[in-house]
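Residues per chain are reported as follows:
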Amino acid sequence: MQLKLNGIWLMLIMLTGVFSLLFLWFTLFPGRVNPEIGQYFSARQISQGRDYVQGMRLVFIGGFITQTVFLLWLVFGGRAVALSRWIQQFTGGGLVSYVLFFLVLWLLLRLINLPFDLFGSYYWQHHWRFSTQPLGNWWLDYFKSAGLEVVLSAVGVALLFWIMGRWSNAWWLVGAIFLSLWLVVQSYLWPVLVSPLFNRFEPTKDPAVLAMVDELSQKAQLPVDRVLVMDASQRTTKANAYFTGLGGTRRIVLYDNLLADYPADEVRAVVAHEMAHWRQGHIAKGLGMGVLGNFIIWGLLFMTLKTTIPTISAIPRYGQYPPYTWAVIVLFLTLISFTANPLMNHFSRNMEFEADRVAVRLTGDAPAAERLQVRLAAKNLSDVAPPAFIEWFSYSHPPAPARIRAIQQAAE
Ligand SMILES: [Zn+2]
């Protein structure tokens, strides 16, 4: 039996093909660097950043293309259907056949991605002396996150097929509501339940940092009561900070190596930037967009499945769709999230610009914010002169020179 390639599939596959080829092309041939960037970064910094990032981009696009080609072959080459039938015979159908199909596919995709994961997050990080993690600890992380993922996803898959069987025409709406609720719950609980499985978080004790947080939170008129330090140095030498959580779990997290390696006025610029995300409600805005996108994607998925898969009614409780539907859904989500990258990153970059502007007004210290951008980009080996397509497609944060310009404009 062959699954039908309808218009939605053709469009998604074509866009994915064009975007991946452009990404690969500009990764291999990034072009010349705008000479203006030389005022902030040395030629050596620029070329080192490019070499490091080129490896990361090749891993990303190589892994993506391999996985996508495999899924296309599985779904449209008839293999998913054959596997699904075999599992149904083997298990006698029912919910267990859906979960087993999910497990087999999950394992295959994990195995396909393993060499790319190992290269990108272990070998390449050691090669550039970013990683401080022994291989044993890397595997421990890998198995912990894989375990978490497989348990949560298996529950999600069982729930999904139950919903699909229960509401044969409105499952996409019910599914979108469920997933939206999950997104909210996850944003709330992740920082307190999951992040501590991987890192230790402790409230800042340094009186100078506490005083600075206090001063900024008064200026921002924001009761920032949780600034936590994370033991990031057990994995990496890269410095960073982030804002996460929802309602009562909101917090600013600073990497311990940021506090150790960066001057006080630049740490202040980081805290102000994260506080600006907090004040502008960026987590809630991001969630709002996620929920909206979620409904659109479920609606499209509903239409796609309806016209791709011949429905069956042989298994009454778990509904109209056979287990291989899961492979079709994974392929669909892979293609749609890849092609939606530019849109999501566009929103994300705008929020970063906004946070930078608000932060400079809070601190009144544009020079420190500029020095911070230069130091972060140089130490973390960012590509400060990305090809325009790559920036448009994959940059969640604007490159350092653009951020410096925005900071200067905000300070004028
Ligand atoms: Zn930010």
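Residues numbered from 1 in each chain as written. Predicted model: local features only at pLDDT ≥ 70, side-chain atom pairs only at ≥ 80, totals over all residues. Heavy atoms only, no water.

1. Some details on the sheet that holds strand β1 (residues 201-203)
Phase 1 of the analysis: Read across the open sheet, the four strands follow the order β1-β2-β4-β3; overall the sheet is mixed. The open sheet terminates on both sides in strands that have one partner only, identified here as β1 and β3 (241-244). This sheet shows a mean twist of 30° between the axes of neighbouring strands, independent of strand direction.
Phase 2 of the analysis: Relative to strand β4 (residues 251-255), β3 is paired through four bridges, and the arrangement is antiparallel. (Pairing = 2+ DSSP bridges. Helix = DSSP H or I, 4+ residues; strand = E, 2+ residues; numbered from the N terminus. Axes fitted to C-alpha atoms, helices over the stretch in contact; angles between N-to-C directions.)

2. With respect to the packing of aromatic side chains
Phase 1 of the analysis: Enumeration over the complete set of coordinates arrives at 37 aromatic pairs.
Phase 2 of the analysis: When the ring of phenylalanine 19 is compared with that of tryptophan 392, the centres are 5.7 Å apart and the planes differ by 75°; the resulting orientation is edge-to-face. With phenylalanine 19 in helix α1 (residues 7-28) and tryptophan 392 in helix α14 (residues 388-394), the pair connects residues that are 373 residues apart, well separated along the chain.
Phase 3 of the analysis: For phenylalanine 19, a relative accessible area of 10% gives the class buried.
Phase 4 of the analysis: The class for tryptophan 392 is partly exposed, based on a relative accessible area of 40%.
Phase 5 of the analysis: A centroid spacing of 6.0 Å and a plane angle of 70° characterise the contact between phenylalanine 102 and tryptophan 326, whose relative ring orientation is edge-to-face. Of the two residues, phenylalanine 102 is situated in helix α4 (residues 95-127) and tryptophan 326 in helix α11 (residues 325-339); the sequence distance between them amounts to 224 residues.
Phase 6 of the analysis: Over the aromatic face of phenylalanine 130 sits the side chain of lysine 238, whose NZ or CZ is 4.7 Å from the ring centroid. (Phe/Tyr/Trp six-rings, centres within 6.5 Å; stacked < 30°, edge-to-face > 60°. Buried < 20%, exposed > 50% of the residue type's maximum accessible area, 1.4 Å probe, protein only. Lys NZ or Arg CZ within 6 Å of the ring centre and 35° of its normal.)

3. Quick look at the domain arrangement of the chain
Phase 1 of the analysis: When its domains are assigned, the chain resolves into domain 1 (7-26 + 46-196 + 285-339) and domain 2 (199-280 + 345-411).
Phase 2 of the analysis: The gap between the C-alpha centroids of domain 1 and domain 2 is 30 Å.
Phase 3 of the analysis: Listed as interface residues are 31 residues of domain 1 and, on the opposing side, 33 residues of domain 2.
Phase 4 of the analysis: Of the roughly 2,700 Å² buried at the junction of domain 1 and domain 2 (both faces included), carbon and sulfur atoms supply 65%.
Phase 5 of the analysis: When the buried surface of domain 1 facing domain 2 is broken down by residue, Arg57, Phe130 and Tyr188 rank first, second and third, together holding 21% of it.
Phase 6 of the analysis: For the pair domain 1 and domain 2, the interface holds three salt bridges.
Phase 7 of the analysis: Looking at the side of domain 1 that touches domain 2 element by element, the count peaks at seven residues for helix α2 (residues 43-76).
Phase 8 of the analysis: Grouping the amino acids of the side of domain 1 that touches domain 2 by side-chain chemistry returns 17 nonpolar, nine polar and five charged. (Domains from an automatic or database assignment. Contact = heavy atoms within 4.5 Å. Buried area = accessible area lost by both parts, 1.4 Å probe. Salt bridge = Lys/Arg side-chain N within 4 Å of Asp/Glu carboxyl O. Nonpolar A, V, L, I, M, F, W, Y, C, P; charged D, E, K, R; others polar.)

4. Notes on helix α13 (residues 366-379)
Phase 1 of the analysis: Here α13 contains 14 residues, and its C-alpha end-to-end distance of 20 Å stays within 8% of the 20 Å for a straight helix at 1.5 Å per residue.
Phase 2 of the analysis: Listed in full, the buried residues belonging to α13 are Ala366, Ala368, Ala369, Leu372, Gln373, Leu376 and Ala377. On an axial view of α13, the arc spanned by its buried residues comes to 160°, and they lie on one face.
Phase 3 of the analysis: On the buried face of α13, the contacting elements are α9 (264-279), α12 (341-363) and α15 (400-411).
Phase 4 of the analysis: Here α13 starts with a cap whose side-chain oxygen sits 3.3 Å from the backbone nitrogen of alanine 368, and that cap is aspartate 365.
Phase 5 of the analysis: Among the residues trailing α13, leucine 381 stands out with phi positive, at a value near 50°. (Expected span 1.5 Å × (residues − 1). Arc of directions from axis to C-beta. Polar contact = N/O pair within 3.5 Å; in protein donor to acceptor, adjacent residues only side chain to side chain.)

5. Some remarks on the coordination of the zinc ion
Phase 1 of the analysis: Note on the zinc ion: its protein donors are His273 (NE2), His277 (NE2), Glu352 (OE) and Glu352 (OE). The metal-donor distances range over 2.0 to 2.8 Å.
Phase 2 of the analysis: Because the angles between the four donor atoms bound to the zinc ion fall within 51 to 138°, the donor set is best described as irregular.
Phase 3 of the analysis: Motif for the zinc ion, donor spacing along one chain: H-x3-H-x74-E. Linking histidine 277 in helix α9 with glutamate 352 in helix α12, this pair joins segments that are 75 residues apart in sequence.
Phase 4 of the analysis: For histidine 277, a relative accessible area of 9% puts it in the buried group. (Donors = N, O, S within 2.8 Å, 3.2 Å for Na, K, Ca; no water. Tetrahedral: all angles 85-135°; square planar, octahedral: opposite > 155°, others 65-115°.)

6. Some thoughts on the packing of helix α3 (residues 79-91) against α4
Phase 1 of the analysis: Between α3 and α4, whose axes approach to 9 Å, the crossing angle comes to 135°. Classified by the angle between their axes, α3 and α4 sit oblique to one another. Both α3 and α4 take part in a crossing whose hand is right-handed. Contacts from Ala80, Leu83, Ser84, Ile87, Gln88, Phe90 and Thr91 of α3 reach α4 at Val96, Ser97, Leu100, Phe101 and Val104.
Phase 2 of the analysis: Class assignment for the residues of the contact of α3 with α4 results in eight nonpolar, four polar and no charged. (Parallel < 35°, antiparallel > 145°, perpendicular 65-115°, else oblique. Left-handed = near helix turned anticlockwise from the far one by under 90°.)

7. Let's talk about the pattern of salt bridges
Phase 1 of the analysis: What the rule picks out here adds up to twelve salt bridges.
Phase 2 of the analysis: Among the ionic pairs, glutamate 202 bridges to arginine 200, the shortest N-O distance being 3.2 Å.
Phase 3 of the analysis: Judged by relative accessible area, which is 35%, glutamate 202 ranks as partly exposed.
Phase 4 of the analysis: For lysine 219, the salt bridge identified is with glutamate 215, shortest N-O distance 2.9 Å.

8. Considering α2
Since the α-helix packs 3.6 residues into each turn, any two residues three or four apart lie on the same face.
Phase 1 of the analysis: In this model α2 runs 48 Å from its N-terminal to its C-terminal C-alpha over 34 residues, within 8% of the 50 Å that 1.5 Å per residue would give.
Phase 2 of the analysis: The first or second residue beyond α2 is glycine 78, which carries a positive phi of 85°.

9. As for the side chain of serine 187
Phase 1 of the analysis: Summarising the element assignment, serine 187 is placed in helix α6 (residues 171-193).
Phase 2 of the analysis: Since its relative accessible area comes to 19%, serine 187 is described here as buried.
Phase 3 of the analysis: Looking at serine 187, its side chain comes within polar contact range of the main-chain oxygen of leucine 183, at 2.9 Å.
Phase 4 of the analysis: Look past the residues within four positions of serine 187 in its chain and what remains in contact with it is Gly245, Leu246, Thr249 and Leu287.

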